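Examining the three-dimensional arrangement
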Amino acid sequence: VVVAQTSQGPVVVTHPSDNEYVGFSGRCPHAGCTVAEVLENTIHCNCHGSTFDASTGDRLGGPAPTGLAPVAIQVSDGEIYLA
């Protein structure tokens with residue numbers, strides 16, 4: 001699980017199951033803050049307390065009006081790339 005800065009802005013990559021990696025925008029849809037961390041399958045934005053499901057990006061709580069937008073990624077030879 002990582003929050004990385006990319007040429008497309010911050011991206012959160014999570015690992016919900018053994019063979020699955022998923023990517024989401026790391027920018028909170030509430031005020032545009034970069035999300036801070038992923039704990040116990042929940043992505044947290046520390047600016048105003050929004051939380052998101054780390055498997056789906058869906059909004060769980062806080063002032064964010066929507067979930068995190070998906071970002072296409074690919075995994076090759078143990079490396080993660082933007083698709």
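Structural notes, computed from the coordinates. Since we're looking at a predicted model, the values are computed, not measured.

Calculation notes
- Residues numbered from 1 in each chain as written.
- Predicted model: local features only at pLDDT ≥ 70, side-chain atom pairs only at ≥ 80, totals over all residues.
- Heavy atoms only, no water.
- Disulfide = S-S within 2.5 Å.
- Helix = DSSP H or I, 4+ residues; strand = E, 2+ residues; numbered from the N terminus.
- Buried < 20%, exposed > 50% of the residue type's maximum accessible area, 1.4 Å probe, protein only.
- Patch = residues over 30% accessible without salt bridge, like charges linked within 9 Å, V, L, I, M, F, W, Y side chains within 5 Å.
- Areas by Shrake-Rupley, 256 points an atom, 1.4 Å probe, with all protein chains shown as cover.
- Salt bridge = Lys/Arg side-chain N within 4 Å of Asp/Glu carboxyl O.
- Pairing = 2+ DSSP bridges.

1. A look at the state of the cysteines
Per the stated rule, a full pass over the model turns up one disulfide. Between the sulfur atoms of Cys33 and its disulfide mate Cys47 the distance is 2.2 Å. Between Cys33 and Cys47 the sulfur-sulfur dihedral comes to about -105°; the bridge is accordingly left-handed. With Cys33 in the loop between strand E3 (20-25) and strand E4 (37-39) and Cys47 in the loop between strand E5 (42-44) and strand E6 (51-53), this residue pair connects regions lying 14 residues apart in the sequence. Classification of Cys33 as buried rests on a relative accessible area of 18%. Between Cys28, a free cysteine, and Cys45, which holds the nearest cysteine sulfur, the sulfur-to-sulfur gap is 4.0 Å.

2. Considering unusual backbone geometry
In the Ramachandran plot, Glu40 falls in the positive-phi region, its phi being about 50° despite a non-glycine side chain. Within the secondary structure, Glu40 is located in the loop between E4 and E5. Accessibility expressed as a relative area gives 80% for Glu40, which makes it exposed. In this structure, Asn41 is a non-glycine residue whose phi angle is positive, near 65°. Looking at the secondary structure, you find Asn41 in the loop between E4 and E5.

3. Overview of a nonpolar patch on the surface
On the surface, Tyr21, Val75 and Ile80 cluster together to form a nonpolar patch covering roughly 240 Å² of accessible area. Relative to the elements of secondary structure, Ile80 occurs in strand E10 (residues 79-82). For Ile80, a relative accessible area of 37% translates into the label partly exposed.

4. Comments concerning the sheet that holds strand E1 (residues 2-6)
Overall, antiparallel pairing links the four strands, which are arranged E1-E2-E3-E8 in an open sheet. Whereas interior strands pair on both sides, the edge strands pair on one side only; in this sheet they are E1 and strand E8 (70-71). Sheet topology places strand E2 (residues 9-17) next to E3; five bridges connect them, and they run antiparallel. Within the sheet, the bridge partner assigned to Val12 lies in E3 and is Phe24.

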